Amino acid sequence: VMTNAGSQPPRVVTAEQVNGLYRYRTSEFRILTLGHKKLKVQFNGEWMTRGGYPNIGEAMGEATIEGNVATFIPGDTTKCKITMTFLTNRIEVTQEGLDSDCGFGHNVVATGTYRRIQGGKPRFILVQK
């Protein structure tokens with residue numbers, strides 16, 4: 001039987017493969033599976049200004065996961081979508097929308113390759129308003 005690559009079902013990831021703390025430069029994602037294809041997601045992003053002060057981007061909420069790809073729309077934004085593809089001990093993150101569309105500080109973006117630096121249930125931190 002011949003199969004083409006496009007017809008393969010998405011790879012399914014387990015809670016053990018998803019849960020944890022992920023880091024890219026000074027930005028972090030904390031992710032916890034909730035069941036029913038839902039994830040609790042916290043993003044803490046940072047971009048250093050020339051003066052050495054960080055611009056901050058923070059978001060917390062629920063993402064939906066299909067196979068190994070999760071979609072996260074921060075807060076009540078309508079022009080921001082963050083796509084997370086789970087691979088072995090890392091996530092490839094792509095942000096659609098500008099920093100301001102996502103409610104982030106100037107130049108803060110979620111896009112990048114985040115390495116899992118800690119597995120298991122992450123400790124969520126208080127988001128500053």
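Relevant structure appears above.
Just so it is clear, the structure is predicted and the values come from calculations on it, not from any experiment. (Residues numbered from 1 in each chain as written. Predicted model: local features only at pLDDT ≥ 70, side-chain atom pairs only at ≥ 80, totals over all residues. Heavy atoms only, no water.)

S.K.: Help me understand the side chain of R30, please; the structure alone is not making it clear to me.
M.R.: Relative to the helices and strands, R30 is located in strand β2 (residues 27–35). Here R30 falls in the buried class, since its relative accessible area comes to 10%. Looking at R30, its side chain comes within polar contact range of the side chain of E28, at 2.9 Å. Ignoring sequence-local partners within four residues, the contact set of R30 consists of G20, L21, K40, V41, Q42, N44, P122, R123, F124 and I125. (Helix = DSSP H or I, 4+ residues; strand = E, 2+ residues; numbered from the N terminus. Buried < 20%, exposed > 50% of the residue type's maximum accessible area, 1.4 Å probe, protein only. Polar contact = N/O pair within 3.5 Å; in protein donor to acceptor, adjacent residues only side chain to side chain. Contact = heavy atoms within 4.5 Å.)

S.K.: Would you mind going over the pairing of strand β3 (residues 38–48) with me for this structure?
M.R.: Residues in a regular strand project their side chains so that they alternate between the two faces of the sheet. Summarising the sheet, β2 and β3 pair through seven bridges and their orientation is antiparallel. Residue pairing for β3: G35 is matched across the bridge by K38. Counting the residues that bridge the hairpin from β2 to β3 gives two residues, and of these H36 lies at a positive phi of roughly 55°. By the bridge criterion, 11 bridges tie β3 to strand β4 (residues 54–66) in an arrangement that is antiparallel. Pairing of M48 across the sheet is with P54, part of β4. Between β3 and β4, which pair antiparallel one after the other, the connecting turn spans five residues, and G52 there sits at a positive phi close to 85°. (Pairing = 2+ DSSP bridges.)

S.K.: Sorry, what's going on with the pattern of salt bridges here?
M.R.: Side-chain pairs of opposite charge can arise whenever the charged atoms involved come near each other. Per the counting criterion, the structure on display carries five salt bridges. One salt bridge in this structure joins K81 and E96, with 3.9 Å as the shortest N-O distance. Here K81, found in strand β6 (residues 81–87), pairs with E96, found in strand β7 (residues 90–96); they are 15 residues apart in sequence, far enough to count as distant. Relative accessible area serves as the criterion here: at 42%, E96 is assigned to the partly exposed category. If you follow the salt bridges from partner to partner, you end up with R23, E28 and R30 in one network. (Salt bridge = Lys/Arg side-chain N within 4 Å of Asp/Glu carboxyl O.)

S.K.: Would you explain the environment of C102 in this entry?
M.R.: Position of C102 among the secondary structure elements: in the loop between β7 and β8 (112–119). The residues contacting C102, other than those within four sequence positions of it, are P74, T77, C80, Q95, E96 and G97.

S.K.: Just checking my understanding: could you explain the environment of N44 for this structure?
M.R.: Tracing the chain through its elements places N44 in strand β3. Take N44: its relative accessible area is 12%, and that puts it in the buried class. A C-alpha to C-alpha distance of 4.7 Å links N44 and E58, two positions 14 residues apart in sequence. With residues near it in sequence (within four places) discarded, N44 still touches T26, S27, E28, R30, G57, E58 and I125. A distance of 3.2 Å separates the side chain of N44 from the side chain of E58, its partner in a polar contact.

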